Amino acid sequence: MTTALRPARLHRFAVIATLAAAPVVGLALSPMAQASTGATPAFSPCGNPKDTTSHIWNGVKHATPMLKLGNRDVVFPNKDRSLGYAVHDGQAKPRSDVNLLVVPTVREHGIECDNLLDAAAPHYFNDAYSEVSLMKGPDWALGINSKDERDQGQLHIHLTRLYGPARADIDRAVKENKVPRNEHDWQKSVIEVTGHDQHGNDNKHAYRAWNTDSMDYNFFAKLNDDIVKPLKKSHSGAGMEHETMLITQNKQGTGFVVLESDRNTGIHGVANIEPLLNKG
């Protein structure tokens, strides 16, 4: 993953370098600064790391690769906590191998956080994809909910199974050439996908679809650039906080299918990806 230093970060790095060179006794860098390898400043949090309002954040904020604290896996790229993530259980009891969460080990409220759009932001969906083998199921899906429809204020990507009828609809759409490989066609490529409600009843909703060749992208930035920003010109309610997104394998071709939906931009969409997931 390539990274780019913004002017503000360059200034901060220069200040840190100057302080490090000075013989100051008793000066200690913050834990976040210590996490940085020195190549770039640590990835800044979205929210106060001392918050205790989210049990998901409480479950990962002290975890390390050596001390997982009950998490399935903890990874710090370049030994940098601010770029790291943990694989957390989606339910505590009983533990389930088909209901996992991939959670940043930096405080990150959710999909609406502006720092997720930075060039230096971790590729969290690619991190989640690297952990697919931990999910014991035949058909994986990675999904994230909107700010409007989540109950936890810490970013988490669901790593679970794709709902069977949703798979059938996605496969059919690919066969009918309704899922473009050009990401610039993503906004206009709307398909109907079957989900389920909390009572198990099936229903169809609209999702914008794109067939990507790689998982190693910043999909939050792609979503903002390809869908949210263009739609803001015609829909005042468009915004990252209303977005939900899912990625799964393209089983009818190559690459991966990325789905987006919302309830604010003129489609019969959803603000929650749960209907397309099979956690049971």
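Residues numbered from 1 in each chain as written. Predicted model: local features only at pLDDT ≥ 70, side-chain atom pairs only at ≥ 80, totals over all residues. Heavy atoms only, no water.

K.L.:
Sorry, what's going on with the side chain of Asn-71 here?
P.N.:
Checked against the element boundaries, Asn-71 lands in the loop between α3 (55–60) and β1 (73–75). Once residues lying within four places of it in the same chain are set aside, the contact partners of Asn-71 are Gly-59, Val-60, Ala-63, Ala-86, Val-87 and His-88. (Helix = DSSP H or I, 4+ residues; strand = E, 2+ residues; numbered from the N terminus. Contact = heavy atoms within 4.5 Å.)

K.L.:
What's the story with the state of the cysteines in this structure? I'm lost.
P.N.:
By definition, a disulfide is the covalent link that joins the sulfur atoms of two cysteine residues. One pass over the structure, following the stated rule, counts one disulfide. The disulfide that involves Cys-46 links it to Cys-113, with 2.1 Å between the sulfurs. Negative torsions about the S-S bond denote left-handed disulfides, and the value of about -80° found for Cys-46 with Cys-113 makes this one left-handed. Placement of Cys-46 in the loop between α2 (31–35) and α3 and of Cys-113 in the loop between β3 (99–104) and α4 (124–129) is noted, with a sequence separation of 67 residues between them. Each member of the pair, Cys-46 as well as Cys-113, is classed as buried. (Disulfide = S-S within 2.5 Å. Buried < 20%, exposed > 50% of the residue type's maximum accessible area, 1.4 Å probe, protein only.)

K.L.:
Even after reading the chapter, I still don't get the pairing of strand β6 (residues 190–196), so can you show me in this structure?
P.N.:
Sheet topology note: the β6/strand β7 (residues 202–212) ladder contains seven bridges and is antiparallel. The residue bridging Ile-191 from the neighbouring strand is Tyr-207, located in β7. With antiparallel pairing between neighbouring strands as the criterion, β6 and β7 make up a hairpin whose turn holds five residues, including Gly-200 at a positive phi of roughly 90°. (Pairing = 2+ DSSP bridges.)

K.L.:
Even after reading the chapter, I still don't get empty space enclosed by the protein, so can you show me in this structure?
P.N.:
With a probe scaled to a water molecule rolled over the atoms, the places where space remains empty come into view. Tallied over the entire structure, the rule returns one cavity of 30 Å³ or more. Of the volumes computed, that of the largest cavity is approximately 50 Å³. Around the largest cavity, the lining residues are His-109, Gly-110, Ile-111, Ile-144, Asn-145, Arg-150, Gln-154, Leu-155 and His-156. The residue inventory of the lining of the largest cavity, partitioned by class, reads three nonpolar, five polar and one charged. (1 Å grid on protein atoms, 1.4 Å probe; cavity = no way out; pocket = protein on both sides within 12 Å on 5 of 7 lines; lining within 4 Å. Points joined across faces, edges and corners; volume = space filled by probe spheres on them. Nonpolar A, V, L, I, M, F, W, Y, C, P; charged D, E, K, R; others polar.)

K.L.:
Just to check I follow, could you spell out helix α5 (residues 164–175) for this structure?
P.N.:
The first and last C-alpha atoms of α5 sit 17 Å apart over twelve residues, in line with the 16 Å expected at 1.5 Å per residue. Of the surrounding elements, those touching the buried residues of α5 are β5 (157–162), β6, β7, β8 (244–249) and β9 (256–261). The first or second residue beyond α5 is Asn-177, which carries a positive phi of 60°. (Expected span 1.5 Å × (residues − 1).)

K.L.:
For this particular structure, what's the right way to read the packing of aromatic side chains?
P.N.:
Each pair of aromatic rings is reported with the distance of its centres and the angle of its planes. According to the stated counting rule, one finds nine aromatic pairs in the structure shown. Plain terms: the ring middles of Trp-140 and Phe-256 are 6.2 Å apart, the flat faces sit at 50° to each other, and that makes the pair tilted. Pair noted here: Trp-140 is in strand β4 (residues 140–144) and Phe-256 is in strand β9, with a separation of 116 residues, a long-range link. Residue Phe-256 is classed as buried on the basis of its relative accessible area of 7%. A ring pair is formed by Tyr-217 and Phe-219, whose centres lie 5.9 Å apart and whose planes are at 85°; its orientation type is edge-to-face. The lysine or arginine in question, Lys-222, covers the ring of Tyr-217, its NZ or CZ lying 4.6 Å from the ring centre. (Phe/Tyr/Trp six-rings, centres within 6.5 Å; stacked < 30°, edge-to-face > 60°. Lys NZ or Arg CZ within 6 Å of the ring centre and 35° of its normal.)

K.L.:
What is the right way to look at helix α6 (residues 219–232) in this model?
P.N.:
Three- or four-residue spacings in an α-helix give side chains the same orientation, since the helix completes a turn every 3.6 residues. The end-to-end C-alpha distance of α6 is 18 Å, a good match for the 20 Å that 14 residues give at a rise of 1.5 Å each. Along its length, α6 shows its largest kink, about 35°, at Asp-225. Most of α6 is tucked away, with ten of its 14 residues classed as buried. Those residues of α6 that are buried lie in contact with α4, β4, β7, β8 and β9. (Bend = angle between axes of the 7 residues up to and from the residue.)

K.L.:
Sorry if this is basic, but what is going on with the environment of Asn-48 here?
P.N.:
You can see Asn-48 is positioned in the loop between α2 and α3. Remark: the alpha-carbon pair of Asn-48 and His-109, spanning 61 residues in sequence, is separated by 9.3 Å. Within the structure, Asn-48 has its side chain in polar contact with the backbone nitrogen of Lys-50 (distance 2.9 Å). (Polar contact = N/O pair within 3.5 Å; in protein donor to acceptor, adjacent residues only side chain to side chain.)

K.L.:
Looking at this structure, how should I read the confidence of the model for the protein?
P.N.:
Detail in the predicted coordinates should be disregarded across regions flagged by low pLDDT. Taken residue by residue, the protein gives an average pLDDT of 88. The fraction at 70 or more is 86%. Note that pLDDT drops below 50 for residues 1–38; the model gives that stretch 40 contacts with residues more than four away or on any other chain. (pLDDT = per-residue confidence, 0-100.)

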